[in-house]
Amino acid sequence: MYHAIRSTAYEPDPTHGSWQEETHVLRLGEDLHTELSRMHSEAGGGGGRPDRLPVRQLNFLLQALAPGVIATGRNAGTDGSLPWLYARETVPPDVLAPLIGTWAARLSPEDGDDDGPDLEERLLTAEADPAVPVRLPRWETERVDLTETVASAGGTAGPAQRLYGLLPEWIAFRLAARPFRTGGATLHFRVESSGSGARLISWPPQRYERGKRTWFYSACLNITVHTVPFASSFRVHVSSQVRRWATELEVRPHALGGATVLLDVPLPWPDGPDRGRRLAVNTLGYDRRLKELVWRRRSPALLLPDLDIVRHYPEPAELFAHPERWINGSGDVAAGIVHHPAVGPHKVGSGLMPRERAELDTWVEEGLSPVLRRVADLTRVTRSNTPSLLTRSGAKAAPGAREARLALMRREALARALKGRTLEVEILWQSPEIRTALVAELAQLIGLAPVEKSGPDADGTWQVRGDGIEIRVRARPAGPLVDALPVSRDRGRPKAVRFAEAVEGRCALVAERMAPPRGEAGVVIAEIAGKDRFAAHPDSDPKHALRLAWARQGWLSQFLNVADDTDSTLEHRARWIWLDAFRQLGAVSPPAHRVGAGIPGDLQYAALWLVRYTRKGPTRRPARRLVAVRVRPGDGPGVIEGWDAERGEWVPYPKLLLRLSRSAGPTVEIERQIRTLLFQLRDRPTLLLADAGNLRQCWPRLCNGSLARDTIGFGAEPGQRLAAYGNDLRMLLVRDDNGRDEVAEWYAHDPRGNVGFAEGVWGTAEEGNRVFASTAATPHTAAMPKGLMKLVPTAKGRTAPGKTAWNPGQLEITVLGCLSEKALADSGRAGDAPDHPVEWATLAHQLRYHDDYPPLARPLPLHLARLAGQYVLPVADGTKDRGRAEGGVSGASAR
């Protein structure tokens, strides 16, 4: 058993002092900013803000081709007095002027050929003639503290704002100066700028021969800057992965929405300190107006032919047709298209295993010393890793006994959720194998065999009775209900309106062919085509329209994809379909915890999840809706409820799902709604669970810099004691990487040099620690040798690059509010026994486990709230309120 885990995270080393670098800083200046704004305005750009220059493309160009440029500042296109460029050496005027002039020429495609050279000539002339009004700004020298720290009132240390963009770039160049040696091979890295930090890409790519083809891939390190609640220093996270390159695109040009292309181009100017260490970021996509592949507007590849007329740079159509030719290089220019599943399969598996990650991590640690140091290892804080699970019971049981107990548990949960009602299930199948597998798996899960009914009207009907539950299952061909959605392609009308019309058509068809469930509980299980079937026209996928249509009729819905002839996972897929149907019925509950007596026996859980859709959402309509779920384990299995904000009441979980489908939600502010909810939870001890990454956009006081122990805040008001919203209220925040590496990667290790994975709750020995790490076991389906080496395969592991390496994530748990000694004293309860934060973190960790699921990404109540969001499907105005309101749940009404 491992007793420590190591995060791939770094912090300023106090023994070294501040990390300061002599940096050259350039501001656009008032004169040049004014001139560029004038040109931009005359070209018709900027809309209502002609002074807001679109400098992102210029920034990419400068980072790619200007020697010594490290990073670009934020908002320089709006305010010419702000820092624009940070460099280790000044960029000469004869380099800077052509770059600015060429970019300026593109501000207006119609007039660009005239404006660009004029500006370049004026900028160069101004160097010799002070009378010329528009001139290049002067470089300034500034000593930048790359470890500058600002502490919040709540005790969270954060970097100075500019370091979020500047520090990752500086670190990337520092690391790229050293080769990475492993397995007798040497990898060299190039720097790629990203919106949230910087990346290191091993270049040239590695090769993997398989299937008479060569597949290309690279090591990729993501470098980002983050904060940790209540930590005394900010963190630099370095995550590792495999970057795969597409060399055969199995997609037509018009279906290419946008592919990232990295260009390896030589600098057309004299050597600089970072010559040959960057890859230029571009975007390749299809222009429907021009009906051809183009470089998107911010791509520096658009400008390279104007700057360098000697070399041959890839044209979009040429690169699309021959990607392998360009990744191998044409002359001294190379280009790589970053692989995405949408362009076809790739024989190199994603991910790296812990041994290889540990080697890269050691290389990073050496490269950052002495200015940054690794954060301290986390050690186990409890031995109670899991709740009371039948599937992990240590006692030996007779064959089949454990499965029988699990089936009994499911029957009890179903009986509690159904409350004596008959459950009606409609199976709409496209392949008989699916129908057979579903009926058979239901018997396995609940331990009761469905009995096929006989008679002239009983074709494809089964009935299940026993232990207080009754289920009627009817199976029939799906027919046209699951056909592709006929969405109009009239681009003259909003996409949301066209989609809503198609939804209404499918709803009418469903109403014509299916009646509401006779009882108050009904589930439809539909076999539909997979997403790849609708890749050319994603809006034609009928899944969301069917969910809306059936919800209007009072049916919950569950979908599975059409099986192919070689599908060997039917039993597994059928099992998960039923388990999720049980979840939608509310027939699931947390197992009994094993934390100890510090957790109140009548504790209830409440979880908040914000559903956020943009215009690219499932119904092409923006939405923002708060979902709140309450779980009361002490009231028995299956007691799961959701908050109906429009009616101001707690309702059973399945009724919440149906109501979510018919409303875009109240217009009340999310924070005000949360406050209302908190007052509804005061009747018993409550653990409030929230995902900080999910909620902080609408609840900014959940940002790390705004947090304070045992305090909750809303808007601009001063923070209040958590006890003001309930004497026995505790609040925990969880956070995963949130797609931004917010939580660092990790691996377990021991003094003997072994590395691997470990499950448990981890923390530091710091007194009063409130932040913990939860790591779960690796599912058996993801098991892989921990020492697998993919970047430089060993002789015995030549097929290693083809393996997919899955790594369990780290869930950060912050005990924001509990009954600490201070909180009790402030509430006049100084004599009460205080909480131990580690116990509440352990409880949240144990809530990730359930007998029917592999370890969940979040505690079960949050899992339930997030999945409830699948029913938030707003449609365009004028259509969303049609149809039945509750379909047998509370009677029919039109709203």
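1. Describing the overall build of the protein
Then comes step 1: In terms of regular secondary structure, the protein is built from 20 helices and 40 strands.
Then comes step 2: The globule rule puts the C-alpha radius of gyration for 895 residues at 29 Å, and the 30 Å found for the protein is close to it.
Then comes step 3: By its C-alpha atoms, the protein is 95 × 70 × 60 Å across when sized along the principal axes.
Then comes step 4: Every one of the 895 residues in the protein was classed for burial, and the buried ones make up 57%.
Then comes step 5: The contacts in the protein between residues at least 6 apart in sequence include a share of 72% that link residues at least 24 apart.
Then comes step 6: Summing over all exposed atoms, the protein offers an accessible surface of approximately 38200 Å²; the carbon and sulfur share of this is 48%.
Then comes step 7: Charge-centre separation for the protein: the mean point of 117 positive side chains lies 5 Å from the mean point of 107 negative side chains.

2. Some remarks on the packing of aromatic side chains
Then comes step 1: Applying the stated criterion to the full structure yields eleven aromatic pairs.
Then comes step 2: Joined through ring pairs, the aromatic side chains of F679, W699, F714 and Y725 make up one cluster.
Then comes step 3: Positioned above the aromatic ring of W19, the side-chain terminus of R174 is 5.4 Å from the ring centre.
Then comes step 4: The positively charged end of R709 is found above the aromatic ring belonging to F230, 4.3 Å away from the centroid.

3. Observations concerning the pattern of salt bridges
Then comes step 1: Counted under the stated rule, the structure contains 49 salt bridges.
Then comes step 2: The salt bridge partner of E501 is R493, with a shortest N-O separation of 2.7 Å.
Then comes step 3: Note that D835 and R730 form a salt bridge whose closest N and O atoms lie 2.8 Å from each other. In this pair, D835 sits in the loop between helix 18 (821-826) and helix 19 (837-846) while R730 sits in strand 35 (residues 729-735), placing the two residues 105 residues apart along the sequence.
Then comes step 4: One network of salt bridges, in which partners are shared, links R696, R735, R740, E742 and E812.

4. Describing helix 13 (residues 543-552)
Then comes step 1: A large share of helix 13 lies buried, amounting to eight of its ten residues.
Then comes step 2: Of the positions making up helix 13, those classed as buried are A545, L546, R547, L548, A549, W550, A551 and R552.
Then comes step 3: Looking at the buried positions of helix 13, the neighbouring elements they touch are strand 22 (423-429), helix 12 (495-513), strand 26 (521-528), strand 27 (556-561), helix 14 (570-584) and helix 15 (653-660).
Then comes step 4: Positive phi shows up at G554, right after helix 13, with a value of about 95 degrees.

5. Quick notes on the packing of helix 5 (residues 163-176) against helix 9 (residues 354-368)
Each pair of packed helices can be summarised by the angle the axes make with each other and by the distance between the axes.
Then comes step 1: Remark: helix 5 packs on helix 9, axes separated minimally by 9 Å, with the N-to-C direction vectors making an angle of 105 degrees. Taken together, the axes of helix 5 and helix 9 are roughly perpendicular relative to one another. Residues I171, R174 and L175 of helix 5 lie in contact with helix 9, whose contacting residues are W363, V364, G367 and L368.
Then comes step 2: Across the contact of helix 5 with helix 9, the residue classes break down as five nonpolar, one polar and one charged.

6. A short note on a positive patch on the surface
Then comes step 1: On the surface, R288, K291, R489, R491, K495 and K616 cluster together to form a positively charged patch.
Then comes step 2: Mapped onto the fold, K291 is located in the loop between strand 17 (280-287) and strand 18 (292-295).
Then comes step 3: On the basis of relative accessible area, K291 is assigned to the exposed category, the value being 63%.

7. Thoughts on the layout of surface pockets
Then comes step 1: Reported here for the second largest pocket is a volume of approximately 1200 Å³.
Then comes step 2: Lining the second largest pocket are 45 residues, with R74, Q161, Y164, G165 and G195 sitting closest to its centre.
Then comes step 3: For the lining of the second largest pocket, the secondary structure elements donating two or more residues are helix 2 (56-65), strand 4 (69-72), strand 5 (83-87), strand 8 (157-159), helix 5, strand 11 (189-194) and strand 14 (213-226).

8. Quick notes on the environment of P387
Then comes step 1: As for its placement among the helices and strands, P387 is situated in the loop between strand 21 (378-380) and helix 10 (401-418).
Then comes step 2: With relative accessibility at 4%, the residue P387 sits in the buried group.
Then comes step 3: Ignoring anything within four residues of it in the chain, the contact list for P387 reads P591, A592, H593, R594, Q846 and Y849.

9. Some points on the sheet that holds strand 26
Then comes step 1: A sheet is described by the order of its strands in space; here six strands give the open sequence 23-24-25-22-26-27, paired in mixed fashion. One side of each edge strand has no neighbouring strand; the edge strands of this open sheet are strand 23 (451-452) and strand 27.
Then comes step 2: Relative to strand 26, strand 22 runs parallel, the two sharing six bridges. Within strand 26, the position partnered with E424 by the bridge is G522.

10. Some words on the nonpolar core
Then comes step 1: One finds I427, I446, I525, F582, V629 and Y653 to be the most contacted residues of the largest nonpolar core, which totals 82 residues.
Then comes step 2: Residues in contact with V629, not counting those within four places in the same chain, are Y605, A606, A607, I640, E641, G642, W650, Y653, L656, P861, L864 and A865.

11. Describing helix 9
Then comes step 1: Along its 15 residues, helix 9 runs 20 Å from first to last C-alpha, staying within 8% of the 21 Å computed at 1.5 Å per residue.
Then comes step 2: Turning to helix 9, its buried residues are P354, E356, R357, A358, L360, D361, W363, V364, G367 and L368.

12. With respect to the environment of T804
Then comes step 1: Among the structural elements, T804 can be located in the loop between strand 39 (771-775) and strand 40 (810-817).
Then comes step 2: Residues T804 and R181, spaced 623 residues apart in sequence, show a C-alpha to C-alpha distance of 23 Å.

13. Quick word on the environment of S152
Then comes step 1: Relative to the assigned elements, S152 resides in the loop between strand 7 (149-151) and strand 8.
Then comes step 2: For the pair formed by S152 and N704, sequence separation is 552 residues and the distance between their alpha carbons is 8.8 Å.

Cut-off values and rules
- Numbering of residues begins from 1 in every chain and follows the order in which that chain's sequence is written.
- Only residues with pLDDT of 70 or above have their local features reported here, since the model is predicted, and side-chain atom pairs are shown and tallied only from 80 upward, although totals for entire chains, interfaces and linings are computed over all residues.
- Side-chain descriptors were evaluated using all non-hydrogen atoms of the structure, hydrogens and water having been removed beforehand.
- Elements are defined by DSSP. Helices are runs of H or I of four residues or more, strands are runs of E of two residues or more, and each kind is numbered from the N terminus.
- The size measure is the radius of gyration over C-alpha atoms, and the globule rule it meets is 2.2 Å times the number of residues to the 0.38 power.
- Partly exposed describes any residue whose relative accessible area lies between the buried limit of under 20% and the exposed limit of over 50%, with all areas from a 1.4 Å probe on protein chains only and scaled to the type maximum.
- Only heavy atoms enter the contact rule, under which two residues are in contact if any of them lie within 4.5 Å.
- Methods summary: accessible areas were calculated by the Shrake-Rupley approach with a probe of 1.4 Å, and residue burial reflects only the protein chains presented.
- His is not counted, nor are the chain ends, whereas Lys and Arg count as positive and Asp and Glu as negative.
- Positions of charges follow a simple convention, taking NZ of Lys, CZ of Arg, CG of Asp or CD of Glu.
- Pairs were defined over the aromatic rings of Phe, Tyr and Trp, the Trp ring being its six-membered one, requiring ring centres within 6.5 Å. Orientation was assigned from the angle between planes: stacked under 30 degrees, edge-to-face over 60, tilted for the rest.
- Our definition puts a charge over a ring when NZ of Lys or CZ of Arg is within 6 Å of the ring centre and also within 35 degrees of the ring normal.
- A carboxyl oxygen of Asp or Glu within 4 Å of a side-chain nitrogen of Lys or Arg is what we treat as a salt bridge.
- Every axis corresponds to a line fitted to the C-alpha atoms, with the helix fit spanning only the stretch in contact, and the corresponding angles, defined between N-to-C directions, vary from 0 to 180 degrees.
- The scheme is simple: roughly parallel for angles under 35 degrees, roughly antiparallel for over 145, roughly perpendicular for 65 to 115, oblique for anything else.
- Note on residue classes: Ala, Val, Leu, Ile, Met, Phe, Trp, Tyr, Cys and Pro are nonpolar, Asp, Glu, Lys and Arg are charged, and everything else, Gly too, is polar.
- Patch membership requires over 30% relative accessible area and the absence of a salt bridge. Like charges are linked within 9 Å, and nonpolar side chains (Val, Leu, Ile, Met, Phe, Trp, Tyr) within 5 Å.
- The rule is simple: put a 1 Å grid over the protein atoms alone, call a set of points where a 1.4 Å probe fits but cannot get out a cavity, call an open set with protein on both sides within 12 Å along at least five of seven lines a pocket, and count a residue as lining if it has an atom within 4 Å of a point.
- Grid points are joined across faces, edges and corners, and a volume is the space filled by probe spheres set on the points.
- When DSSP finds two or more bridges between two strands, those strands count as paired.
- Put simply, buried Ala, Val, Leu, Ile, Met, Phe, Trp, Tyr and Cys residues joined by side-chain atoms within 4.5 Å make one nonpolar core.
- Multiply 1.5 Å by the residue count of a helix minus one, and that product is the helix's expected span.

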